[in-house]
Amino acid sequence: RIVSTPQGIAAMSMICTHLGCIVGETADGFQCPCHGSVFDLQGRVVSGPAPRPLRWLEVSQTVDGTLLVNSAKEVNAGVFYQPLESRKS
Ligand code: FES
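All values derive from a computational prediction rather than experimental measurement.

Conventions used here
- Residues numbered from 1 in each chain as written.
- Predicted model: local features only at pLDDT ≥ 70, side-chain atom pairs only at ≥ 80, totals over all residues.
- Heavy atoms only, no water.
- Pairing = 2+ DSSP bridges.
- Helix = DSSP H or I, 4+ residues; strand = E, 2+ residues; numbered from the N terminus.
- Axes fitted to C-alpha atoms, helices over the stretch in contact; angles between N-to-C directions.
- Polar contact = N/O pair within 3.5 Å; in protein donor to acceptor, adjacent residues only side chain to side chain.
- Contact = heavy atoms within 4.5 Å.
- Salt bridge = Lys/Arg side-chain N within 4 Å of Asp/Glu carboxyl O.
- Buried < 20%, exposed > 50% of the residue type's maximum accessible area, 1.4 Å probe, protein only.
- pLDDT = per-residue confidence, 0-100.
- Disulfide = S-S within 2.5 Å.

Caption draft 1: Spotlight on the sheet that holds strand S7 (residues 56-61). Taken in spatial order, the 4 strands make up an open sheet running S1-S2-S7-S8, and their pairing is antiparallel. This sheet does not close on itself; its edge strands, each paired only once, are strand S1 (2-5) and strand S8 (67-75). Mean inter-strand twist for the sheet, computed between neighbouring axes without regard to direction, equals 35°. Of the strand pairs in this sheet, S1 and strand S2 (residues 8-12) are connected by 4 bridges, and their pairing is antiparallel. Residue pairing for S2: Thr 5 is matched across the bridge by Gly 8.

Caption draft 2: Quick look at the side chain of Thr 17. Note that Thr 17 resides in the loop between S2 and strand S3 (24-25). A distance of 2.4 Å separates a polar side-chain atom of Thr 17 from the backbone oxygen of Arg 52. Dropping the residues within four chain positions of it, Thr 17 is found in contact with Phe 39, Ala 50, Pro 51, Arg 52, Pro 53 and Leu 54.

Caption draft 3: Structural detail: the pattern of salt bridges. Across all of its chains, the model carries 4 salt bridges by this definition. Between Glu 25 and Arg 1 there is a salt bridge; the shortest N-O distance is 3.4 Å. You can see Glu 25 sitting in strand S3 and its partner Arg 1 sitting in the segment before S1, a full 24 residues away along the chain. The exposure class of Glu 25 is exposed, given its relative accessible area of 56%. Residue classification places Arg 1 among the partly exposed positions, given a relative accessible area of 35%.

Caption draft 4: Up close: the confidence of the model for the protein. Mean pLDDT over the protein stands at 92; residues scoring 70 or higher make up 96%. The least confident element of the protein, judged by mean pLDDT, is S1 at 88; the most confident is strand S5 (residues 38-40) at 97.

Caption draft 5: View of the state of the cysteines. Taken as a whole and judged by the stated rule, the model has 1 disulfide. Each sulfur of the disulfide joining Cys 21 and Cys 34 lies 1.9 Å from the other. The disulfide joining Cys 21 to Cys 34 has a torsion of about -95° about its S-S bond and is therefore left-handed. Separated by 13 residues along the polypeptide, Cys 21 in the loop between S2 and S3 and Cys 34 in the loop between strand S4 (29-31) and S5 bring together distant segments of the chain.

Caption draft 6: Here's a closer look at the sheet that holds strand S6 (residues 45-47). The strand order S3-S4-S5-S6 describes an open sheet built from 4 strands, whose pairing is antiparallel. The open sheet has two edge strands with one neighbour each: S3 and S6. With 2 bridges connecting them, S3 and S4 associate as antiparallel partners. Each residue of the ladder has a partner; that of Glu 25, found in S4, is Phe 30.

Quick look at the structure:
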């Protein structure tokens, strides 16, 4: 899931950290349909059995402005990427 805020852009994995099901969005965050884990909007575990928060993934940008999400590289929760256009001001 891509999140765009005034702080920048972030990508959060929708793969449940329990056994890998795809979580669904709720009004308050995310819920896993398989065993009921609940995550808040930042991906933190509200209730298990998920053992870890949802993963935040590295976001970068090519020279032509295309945004890239590196699903193999995790970043700390709360790390937002600043798009190149927003750095010019
Ligand atoms: Fe998500 Fe089990 S796979 S709670």
